[in-house]
Amino acid sequence: MSGAVLVVGELREGRLVPSVTEAVGAARAISGPGTPIVGFVAGPSTDAATKEFGRLGVPDVRTASDPRFDRAPVSALAAFVAQAAGDAGADLVLVPGTTFGRDLVGRLGIRWNAAAVTGVTEVQRADGAWQVRRPIFGGRATETRRLDGARAVVGLRPHAYAPPPDAPVDVRSTAVAPREPPANLWVPKRVAEEPVASGSGPSLTDASIVVSGGRGLRAPENFHLVDELAASLGAAVGASRAVTDAGWRPSSLQVGQTGKAVSPQLYLAVGISGAIQHIVGMVSSRVIVAINSDATAPIFKVADYGVVGDLFQIVPALTAEIRRVRSA
Amino acid sequence: MEIVVCIKPVPEPETRLRAAPDGRILDPEGVKYVLTGYDESAVEQALLLKESVPGSKVRAVSFGPSPRAEETLRAAVALGCDSATWIDSGAEPSPDPVDVARALAGTLRSLPHDLVLCGKQAGDDEAGLVAGALGELLGVPDFGYVVDLRWDAARSVFTFHRMTETLQESWEAPGPLVIGLQQAWNDPRTAKLPAILKSRKAPIDKVPVPAPDAHASRSRATTFALPPPRAGAKLIEYKTPEEAAERLVKVLREEAKVFP
Ligand SMILES: Cc1cc2nc3c(=O)[nH]c(=O)nc-3n(C[C@H](O)[C@H](O)[C@H](O)COP(=O)(O)OP(=O)(O)OC[C@H]3O[C@@H](n4cnc5c(N)ncnc54)[C@H](O)[C@@H]3O)c2cc1C
C-alpha cells in the first residue's frame, strides 16, 4: 500500500524543535520497516537541521533554504511542503504539535488535497486508511476519525509520541522548488519579536514536566517556591489565571481555557483549586499531582496523586527531596 | 472596513457529554449550542475594530444546522454585528472542518472582506483548521494564535502579535487577511436586553451549502468516547512535610514512573 511519510521540520535558532523529533518517533512507530521516512525543513540555513534528521535515522531530507523563511508567514511555506510531499511520494505528512504546525495543517490540507487533522495522540493504519485518535472538548472526550482519500496531513499533539533513539545515517538533501507562491503570501512581515517570559526553564508547551502555581501562594513574593520546585525538576513554570490576572506572573504562563493547553508527562498544581477553565488546559497531562490545603478542592478529582497540606511546608520539603535524590 | 467574522455554534461549556446512539459523535439531544470561547473573542475583536475604524461593517457568518446556527448568529447580532449569513448545513451533524472552510470560502467569495476573523479553534472539536484552509482557498495569508489585532490607518496595515512557544512576535500585514484569534484586546462584552430582543427579528441571509467536492480527501468521525472516570487522587499520608515529600517522590518514581 503505502508511500513515504514526510515529517515537517521546524527550526528554532537553527535547530529542530523537540516536537519534530517526536514526529520522527511517530513516523517510526506507525509505519512498516520498508516505509521511507523523509524530512522537510525550510529556513535561511537548513544544514544543521538536515544533519539532525540524519542523526535520528532519516536519510532523505527535502530542503527549502531561502533567507525569506527567516521571517516568512506559514502561508508561503505550505506550497513548499506540498511540493516536498509530492516529490517524496508521500501519502502521509506528519506535522509537529507547535503553533507553527497548527497553522500549517489546514492550509496544507487544501494545498495538497489531503484529509487534515490536528491535535492527534495516536495514528494507526486500519482497513486501508489512516485512523487517528484525538482529545476534544478540552480533554473531556476523545474522538476517532478516519481519513478517507489517498493523502493525509496529521498534526500531532505535543508529547504524544516519544523521540526515537539516535540511529545516525548518511543524509542526502534535495532542494524543493515549487512554483513560486503568490506574492501576497510573502507580504506580511514579522517586524519584531521578544522572548516570552518563561522563567529560565524549558517553554511551557515543550516541557515534559510543568509546575504551576495558583492563588494559594498568597503573594507574588512567595512564587519563588514554585520557581525553585520547577528548577529542581528541570520543569517549566505555569500559573493559574488568578496569578496572571493579579500580575504576579506574565500572562504567557497562564494554563487553561484562555491560556495555554499543556500535556506534559507530569503536571504539578500548587495552590490551584482546579476550576474547570484551568482543568481543560492540563487534564490531558499523563500524571497530575496536586498540593492543596483543602481536601475538597476540585483539583483532587482530576489529580492522580495528592498531598493535602500547607504548600508553604510541603513545597520546600519536596524541592529539597528532589534535589537530594537527583544528586544521589 | 468590511469585516467578516466566522462563528460556530458549540455546546455550552457545562454540557454533560455523552455519545450519540450510533457511537460516532456527541449526542446533540438536549444540548444547548452557543457562541463560546475564541469565537466570542473573534466577535469582540471585530466589534472593537469596527468602533475604531469609521465606516466599518461587521458580518457574522455561520455554518451549521437549524436552529443552532441561526441562534448563534442572533447572539452575534445582539452583540453588535451588522448583518448575518447562515450557511445551512442540512443534517450533517459533524462535518470535516475543512469542508466547513470550503463552504465558508464559497460564500465569502461573493461578500466584500478586508478581514476574515475566526476563533483560533472551536470549543468542541478544537481542530483549528478553518483559518488556514480558508486562507488557502481565498488565496490570502492567514495567521493563528493572534492577539491584539489593530488597524494602522496611516500605513493601511493590520498589526498584531502572535505567541509562539518561545516568542512574542509582532507582525504587520495589509488586508485581505484571515485571522485565527486567540484573544481580543478586551474581554468579550455581553449583550444588552433590548439588543437581544431586537436581534430576534434581525434578518438572516440564508445560503445553501454547496455540494461537497466528491474528489476531496476528508476525515470523518467514527467514534466518540469518554475517558474512564478518574478515580480521584491517591492521597499521600504523612506526619511531617519531609515524609510527604519522600513518599510523593517515591510513588512518582516507582509507580507513575515519571520522575528521573
Ligand atoms: C471565561 C473564563 C476563562 C478563564 N480562563 C482561565 C484559564 O485559562 N486558566 C485559569 O487558571 N483560570 C481561568 N479562569 C479562572 C478560573 O475560573 C479560576 O478563577 C482560577 O483558575 C482560579 O485560580 P486559582 O486556582 O489559582 O485560585 P483559587 O480558586 O482561589 O484557588 C486557590 C487554591 O489554593 C489553595 N490554598 C490556599 N492556601 C493554601 C496553602 N497555604 N497551601 C496549599 N493550598 C492552599 C486553596 O485551597 C484553593 O484551592 C477563567 C475564568 C473565566 C470566567
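Residues numbered from 1 in each chain as written. Chains lettered and ligands numbered in written order. Predicted model: local features only at pLDDT ≥ 70, side-chain atom pairs only at ≥ 80, totals over all residues. Heavy atoms only, no water.

**Remarks on the domain arrangement of chain B**
Put simply, an interface is often sized by how much accessible area is lost when its parts join up.
Part 1 of the reasoning: Split into domains, chain B comes out as domain 1 (2-208) and domain 2 (230-260).
Part 2 of the reasoning: Taking the mean C-alpha position of each, domain 1 of chain B and domain 2 of chain B sit 44 Å from one another. (Domains from an automatic or database assignment.)

**Describing the packing of aromatic side chains**
Part 1 of the reasoning: Applying the stated rule across the entire model yields 7 aromatic pairs over all chains.
Part 2 of the reasoning: Judged by centre distance (5.0 Å) and plane angle (85°), the ring pair of Phe69 of chain A and Phe80 of chain A falls under edge-to-face. On the criterion of sequence distance, the pair formed by Phe69 of chain A in the loop between strand 5 (60-65) and helix 3 (74-88) and Phe80 of chain A in helix 3 is long-range, its members being 11 residues apart.
Part 3 of the reasoning: Ring geometry for Phe137 of chain A and Phe224 of chain B: centres 6.3 Å apart, planes at 80°, overall edge-to-face. With Phe137 of chain A in the loop between strand 9 (129-136) and strand 10 (141-148) and Phe224 of chain B in strand 12 (residues 218-225), this pair bridges two chains.
Part 4 of the reasoning: Among the aromatic residues, ring-to-ring pairing joins Phe69, Phe80 and Trp186 of chain A into one connected group.
Part 5 of the reasoning: In this arrangement the basic side chain of Arg68 of chain B is found over the ring face of Tyr33 of chain B, its NZ or CZ atom lying 3.7 Å from the centre. (Phe/Tyr/Trp six-rings, centres within 6.5 Å; stacked < 30°, edge-to-face > 60°. Helix = DSSP H or I, 4+ residues; strand = E, 2+ residues; numbered from the N terminus. Lys NZ or Arg CZ within 6 Å of the ring centre and 35° of its normal.)

**Side note on the interface of chain A and chain B**
Part 1 of the reasoning: Counting residues at the interface gives 84 residues for chain A, matched by 84 residues for chain B.
Part 2 of the reasoning: Approximately 7000 Å² of surface area, both sides summed, lies buried where chain A meets chain B, with 55% of it carried by carbon and sulfur atoms.
Part 3 of the reasoning: Interface area lost by chain A to chain B is led by Ile110, Phe137 and Tyr305 of chain A, which between them contribute 11%.
Part 4 of the reasoning: Seen at the junction of chain A and chain B, the total is 6 salt bridges.
Part 5 of the reasoning: Scanning the region where chain A abuts chain B turns up 40 residue pairs in polar contact (both at pLDDT 80 or more).
Part 6 of the reasoning: Of the residues contributing to the side of chain A that touches chain B, the split by class is 38 nonpolar, 22 polar and 24 charged.
Part 7 of the reasoning: Pairing between strand 13 (residues 189-195) of chain A and strand 9 (residues 167-173) of chain B: 6 bridges, direction antiparallel. (Contact = heavy atoms within 4.5 Å. Buried area = accessible area lost by both parts, 1.4 Å probe. Salt bridge = Lys/Arg side-chain N within 4 Å of Asp/Glu carboxyl O. Polar contact = N/O pair within 3.5 Å; in protein donor to acceptor, adjacent residues only side chain to side chain. Nonpolar A, V, L, I, M, F, W, Y, C, P; charged D, E, K, R; others polar. Pairing = 2+ DSSP bridges.)

**Considerations on helix 2 (residues 68-79) of chain B**
Residue and element names in this part refer to chain B.
Part 1 of the reasoning: In this model, helix 2 (12 residues) spans 17 Å end to end at C-alpha, consistent with the 16 Å of a helix rising 1.5 Å per residue.
Part 2 of the reasoning: Looking only at helix 2, the buried set comprises Arg68, Ala69, Thr72, Leu73, Ala76, Val77, Ala78 and Leu79.
Part 3 of the reasoning: Summarising the contacts, the buried residues of helix 2 are in contact with strand 1 (2-7), strand 3 (33-34), helix 1 (37-52), strand 4 (57-64), strand 5 (83-88) and helix 5 (193-199).
Part 4 of the reasoning: Phi for Gly80, located one or two positions after helix 2, is positive at around 135°. (Expected span 1.5 Å × (residues − 1). Buried < 20%, exposed > 50% of the residue type's maximum accessible area, 1.4 Å probe, protein only.)

**Quick word on unusual backbone geometry**
What is expected of a backbone is that most residues other than glycine have negative phi and most peptide bonds are trans.
Part 1 of the reasoning: Cis geometry marks the peptide bond from Ser66 of chain B to Pro67 of chain B, where omega comes out at 0°.
Part 2 of the reasoning: Here Pro67 of chain B is to be found in the loop between strand 4 and helix 2.
Part 3 of the reasoning: Residues other than glycine seldom take positive phi values, yet Glu13 of chain A does so here, at roughly 50°.
Part 4 of the reasoning: As for its position among the elements, Glu13 of chain A is in the loop between strand 2 (11-12) and strand 3 (15-16).
Part 5 of the reasoning: Of the residues examined, Glu13 of chain A reaches a relative accessible area of 82% and is grouped as exposed.
Part 6 of the reasoning: The phi dihedral of Asn113 of chain A falls on the positive side, at around 50°, and the residue is not glycine.
Part 7 of the reasoning: Relative to the elements of secondary structure, Asn113 of chain A occurs in the loop between helix 4 (99-111) and strand 7 (115-120).

**Details of the layout of surface pockets**
The gaps left among the atoms become clear once a water-sized probe is rolled over them.
Part 1 of the reasoning: Quantified by volume, the second largest pocket comes out at close to 1200 Å³.
Part 2 of the reasoning: Of the residues belonging to the lining of the second largest pocket, the class tally is 17 nonpolar, 10 polar and 11 charged. (1 Å grid on protein atoms, 1.4 Å probe; cavity = no way out; pocket = protein on both sides within 12 Å on 5 of 7 lines; lining within 4 Å. Points joined across faces, edges and corners; volume = space filled by probe spheres on them.)

**A short note on the sheet that holds strand 10 (residues 177-183) of chain B**
Part 1 of the reasoning: The strand order across the open sheet built from 10 strands is 13(A)-9(B)-8(B)-7(B)-10(B)-6(B)-1(B)-4(B)-5(B)-11(B), with neighbouring strands paired in mixed fashion. What marks the edges here is a single partner per strand, and that holds for strand 13 of chain A together with strand 11 (205-208) of chain B. Neighbouring strand axes in the sheet, compared pairwise and without regard to direction, differ in orientation by 30° on average.
Part 2 of the reasoning: Of the strands in this sheet, strand 1, strand 4, strand 6 (115-119), strand 7 (142-152) and strand 10 of chain B touch helix 1 of chain B, which is tilted by about 170° from strand 1 of chain B.
Part 3 of the reasoning: Set on the sheet, helix 4 (residues 130-138) of chain B makes contact with strand 1, strand 6, strand 7 and strand 10 of chain B; between it and strand 10 of chain B the angle comes to about 170°. (Axes fitted to C-alpha atoms, helices over the stretch in contact; angles between N-to-C directions.)

**Focus on the nonpolar core**
Part 1 of the reasoning: By size, the foremost hydrophobic cluster in this structure holds 40 residues, and its most contacted members are Val211, Leu233 and Leu318 of chain A together with Leu248 and Leu252 of chain B.
Part 2 of the reasoning: If you list the elements that add at least two residues to this core, you get strand 14 (209-213), helix 5 (224-233), strand 15 (236-239), strand 16 (266-270), strand 17 (287-292), strand 18 (305-308) and helix 9 (311-327) of chain A together with helix 6 (241-254) of chain B.
Part 3 of the reasoning: In terms of residue count, helix 9 of chain A provides more of this core than any other element does, 7 residues in total.
Part 4 of the reasoning: Residues within four places of Leu248 of chain B in sequence aside, it is in contact with Val289, Tyr305, Val307 and Leu318 of chain A together with Ile236 of chain B.
Part 5 of the reasoning: Counting 39 residues, the second-largest nonpolar core is a separate cluster that includes Val74, Trp112, Ala116 and Leu185 of chain A. (Core = buried A, V, L, I, M, F, W, Y, C linked by side-chain atoms within 4.5 Å.)

**A closer look at the site of the ligand**
Residues and elements named next belong to chain A.
Part 1 of the reasoning: Residues in contact with the ligand amount to 26 residues; listed here are only the nearest, Arg215, Ser240, Thr258, Ser273 and Asn292.
Part 2 of the reasoning: A distance of 2.7 Å separates an oxygen atom of the ligand from a polar atom in the side chain of Arg215.
Part 3 of the reasoning: In the environment of the ligand, an oxygen atom lies 3.4 Å from a nitrogen or oxygen atom belonging to the backbone of Gly259.
Part 4 of the reasoning: When the ligand sits alone it has 990 Å² of accessible area, and the protein chains cover 75% of it.
Part 5 of the reasoning: Residue assignment for the shell around the ligand shows that the elements contributing at least two residues are helix 6 (241-245), helix 7 (276-279) and helix 9.
Part 6 of the reasoning: Taken together, the residues of the shell around the ligand break down into 6 nonpolar, 15 polar and 5 charged. (Near = heavy atom within 4 Å. Areas by Shrake-Rupley, 256 points an atom, 1.4 Å probe, with all protein chains shown as cover.)

**Some remarks on helix 6 of chain B**
Part 1 of the reasoning: Counted at 1.5 Å a residue, the expected span for helix 6 of chain B with its 14 residues is 20 Å, and the 20 Å between its end C-alpha atoms agrees.
Part 2 of the reasoning: Listed in full, the buried residues belonging to helix 6 of chain B are Pro241, Ala244, Ala245, Leu248, Val249, Val251 and Leu252 of chain B. Down the axis of helix 6 of chain B, the buried set is contained in an arc of 165°. They therefore lie on one face.
Part 3 of the reasoning: Check the buried side of helix 6 of chain B and you find it contacts strand 16, strand 17, strand 18 and helix 9 of chain A. (Arc of directions from axis to C-beta.)

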